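One letter stands for each residue in the lines below.
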Number of protein chains: 2
Amino acid sequence: MQALRFHGRRDVRLEDIDEPATRAGTVKIKVHWCGICGSDLHEYLGGPIMTPTPEAPHPLTGEYLPLTMGHEFAGEIVETGDGVDGLTVGDLVAVEPLLFCGECDFCRSGSYNVCPSFGAIGVVGGGGAFAEFITVPTHLVHPLPPSVTTEQAALAEPVCVGWHAVSRSAIEPGDSALVIGAGPIGIGILIALKARGVGFVAVADRIAGVRKDAALAFGADLFIDASSERIGDAVRGRTGELGADVVFEVAGAQAALDDAIDAARPQGRVVSMAVWEESAVVDLNVLLLKELAIVPSLAYANEYAAVLDAIADGRITGLERMVSRRIPLAEIVEGGFEELVQRRGDHVKILVHP
Amino acid sequence: MQALRFHGRRDVRLEDIDEPATRAGTVKIKVHWCGICGSDLHEYLGGPIMTPTPEAPHPLTGEYLPLTMGHEFAGEIVETGDGVDGLTVGDLVAVEPLLFCGECDFCRSGSYNVCPSFGAIGVVGGGGAFAEFITVPTHLVHPLPPSVTTEQAALAEPVCVGWHAVSRSAIEPGDSALVIGAGPIGIGILIALKARGVGFVAVADRIAGVRKDAALAFGADLFIDASSERIGDAVRGRTGELGADVVFEVAGAQAALDDAIDAARPQGRVVSMAVWEESAVVDLNVLLLKELAIVPSLAYANEYAAVLDAIADGRITGLERMVSRRIPLAEIVEGGFEELVQRRGDHVKILVHP
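Residues numbered from 1 in each chain as written. Chains lettered and ligands numbered in written order. Predicted model: local features only at pLDDT ≥ 70, side-chain atom pairs only at ≥ 80, totals over all residues. Heavy atoms only, no water.

1. Thoughts on the overall build of chain A
Looking only at helices and strands, chain A has ten helices and 19 strands in total. If one aligns the C-alpha atoms of chain A with their principal axes, the spans along those axes are about 60 × 45 × 40 Å. Relative to its full complement of 354 residues, chain A shows a buried share of 60%. The contacts of chain A with a sequence gap of at least 6 include a subset with a gap of at least 24, amounting to 70%. For chain A, the exposed surface amounts to about 12,700 Å²; the carbon and sulfur share of it is 48%. (Helix = DSSP H or I, 4+ residues; strand = E, 2+ residues; numbered from the N terminus. Buried < 20%, exposed > 50% of the residue type's maximum accessible area, 1.4 Å probe, protein only. Contact = heavy atoms within 4.5 Å. Areas by Shrake-Rupley, 256 points an atom, 1.4 Å probe, with all protein chains shown as cover.)

Written out as structure tokens, the structure reads:
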């Protein structure tokens, strides 16, 4: 089958590889849709960052590059391994693409996203979903509620990232939120905030265009064009407060972090979600004088079912508006990765159907 | 009267100034004891940091350097201004040395430590307690419970800093704590942690000597000599866990911050309390992979009475063991500031009696 494999910086290749075998306790899935994630682009432009190298194979998979990419996916079960109960050929499913040891204190307490061996399928090995088929262990498989499509389920992944971040932020419905970055994760946070009843959400980006359209479509109360407005001033001007209660920073750039720290109110929180290509410089005196906490949020844990339920029961609607392009796997390099590098502002989410 | 005035970096002078007038709503206090604070030393060595300059007078006091220093103090009321109720000449009192506007959202909600106009008496103006007398508004004055001495009350100030940090950390009795820095604030945190029932507290410092003695005297379960041991390894070796639940970082140095981040467990907190002389470099990827939050803690708010009560009822005992030297005001420059600069490791707290 065809698969997109990451070989190194700016080097991804469509290659023919064997179909994965269906082992005991796993199911084989025909991938319907897989989104291109910001972290895929980070690896492409600046990696290997999270992708393991021959010098340091991943502790759980033992794998290293070249590796098949793709982790925001959903599809249909086409084969079940020995000992699989409750899942059947033909089931439409989303897959939580996370690898963890299952044995450490964090895994046992449900916080498997901070397992020391944590990694994502499609990043650290375990196959990838920019391919026709993938085989995954059953504990990662979430059957879709009847009204949820596989396209929606592929888009659930960035919403899960947002859902977890909202939980980490301890935001309450009456609080104000600011999201810096209106790409897929920023939109995922916005969707999660609105689904969970947060009243005021501002979204900022240096690029308006389709990202502004998406933010407004998903209920942003204010869009801030960061290329011409100072984000903190815009928030203060609108709310009349000293800043937002919670700021979500997803860009992973120094200017965005500085804006986040400026735009948050005293005793607020900056939820930091980006993978950085270099170390950030933080003026801890500024944090101190505001008692402003930095709260990182990584991926998600035990949140897939909640997000699929919210899509099924209508708290989340119109998820398809995140999609700016749908392409076949054969076009993924030029029509997907390079398209996002060169015309990022024209896109929120590109979906691939292998 | 004699007063120690801050003129600029490495320039503090004992000068004759007028005794302060007792205005309406204020009381005049004869200072019994005033501690030399780490932030006083920061100003002396690297300032003006918090001390206002002629270019930027403090918004509440309108004052700028040269200013009288000293804010960790207690003494006796010797005069009361018009309209003062409930305070009498002869009362022994501690003074919460904080200036704030009293009108902003934060002041009105009780978080006056993050008032945008926040500052400390003895740092940003309002007089200072390295002087025979000081006049302060009554809302800052806390009469001492009968069993509490003015020496203990002067030492309550760094304990209040610790008390607030413990509240900010959301630590629970069964959690483990690490305090990096065994100076007065570090010891204040240790005292607050133990008074509030935290079971395991490790204390680390690059200097052992009297700091180690003080840490053990106040109930530290482990002292880590950071000059020879890696702090995180020592904590993990003792607890068998992936790190401390909460790490308190008071040094304001890059190496200490790096140690704090290393020594905290995933999903733990690093409580950052230091005033930094330069910006810190933070690897946000490391924070992200551990979901490790940075929670700053500044001074205190509504915590003086609780700490004085804890001293009175015996939850805090033997506070005098923090004191490594007692000196008259006339000796403060050489016997106080320079002594701490040159022989920091020989001291926890130097108390001055004007």
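After presenting the structure, the write-up continues.
2. Structural notes on the state of the cysteines
With the rule as written, the count across this model stands at zero disulfides over all chains. As a non-bridged cysteine, A:C101 has A:C115 as the owner of its nearest cysteine sulfur, 3.6 Å distant. (Disulfide = S-S within 2.5 Å.)

3. A look at the packing of helix α3 (residues 150-169) of chain A against helix α9 (residues 304-312) of chain A
Residues and elements named next belong to chain A. It is at 9 Å that the axes of α3 and α9 come closest, and there the two elements cross at 120 degrees. Comparing their axes, α9 and α3 come out oblique. Viewed along their axes, α3 and α9 form a crossing whose handedness is right-handed. Residue-level contacts link Q152, A153, A156, E157, V159, C160 and W163 of α3 to Y304, A306, V307, L308, A310 and I311 of α9. (Axes fitted to C-alpha atoms, helices over the stretch in contact; angles between N-to-C directions. Parallel < 35°, antiparallel > 145°, perpendicular 65-115°, else oblique. Left-handed = near helix turned anticlockwise from the far one by under 90°.)

4. Brief notes about the interface of chain A and chain B
Taken together, the contact between chain A and chain B spans 39 residues of the former and 39 residues of the latter. Interface area, chain A with chain B, both sides summed: about 3,300 Å², of which 64% is carbon and sulfur. When the area that chain A buries against chain B is broken down by residue, the three leading residues are A:L284, A:L288 and A:E291, summing to 21%. On the surface where chain A and chain B come into contact, there are two salt bridges. B:E291 serves as the salt-bridge partner of A:R168, at 3.7 Å between the closest nitrogen and oxygen. There are 15 residue pairs in polar contact (both at pLDDT 80 or more) connecting chain A and chain B. Within the residue set of the side of chain A that touches chain B, elements represented by two or more residues are α2 (105-108), α3, β15 (264-272), β16 (280-282), α8 (284-290) and β17 (293-296) of chain A. Here the side of chain A that touches chain B takes six residues from α8(A), the largest share from any one element. Inspection of the sheet shows β16(A) paired to strand β16 (residues 280-282) of chain B by three bridges, in the antiparallel sense. (Buried area = accessible area lost by both parts, 1.4 Å probe. Salt bridge = Lys/Arg side-chain N within 4 Å of Asp/Glu carboxyl O. Polar contact = N/O pair within 3.5 Å; in protein donor to acceptor, adjacent residues only side chain to side chain. Pairing = 2+ DSSP bridges.)

5. A closer look at the sheet that holds strand β2 (residues 11-16) of chain B
Spatially, three strands are ordered β2-β1-β4 (chain B) in an open sheet, and the strand pairing comes out antiparallel. At either end of the open sheet lies a strand with only one pairing partner, and these are β2 and β4 (67-68) of chain B.

6. So, the relation of the copies chain A and chain B
Relative to chain B, chain A is turned by 180 degrees and slid 0.0 Å along the rotation axis, the superposed coordinates differing by an RMSD of 0.0 Å. Expressed as an axis order, the relation between the two copies is that of a two-fold axis. A high fraction, 100%, of the interface residues of chain A reappear at the interface in chain B, so the copies pair face to face through one surface. (Least-squares fit on C-alpha atoms with pLDDT ≥ 70 in both.)

7. Here's the deal with the pairing of strand β9 (residues 133-137) of chain B
Residues and elements named next belong to chain B. Burial of β9 is extensive: four of the five residues sit out of reach of the surface. Where strand β3 (residues 26-35) lies against β9, five bridges are found, and the strand directions are antiparallel. Looking at β9, one finds that K28 is bridged to T135.

None of the figures reported here should be taken as evidence of function without further support.
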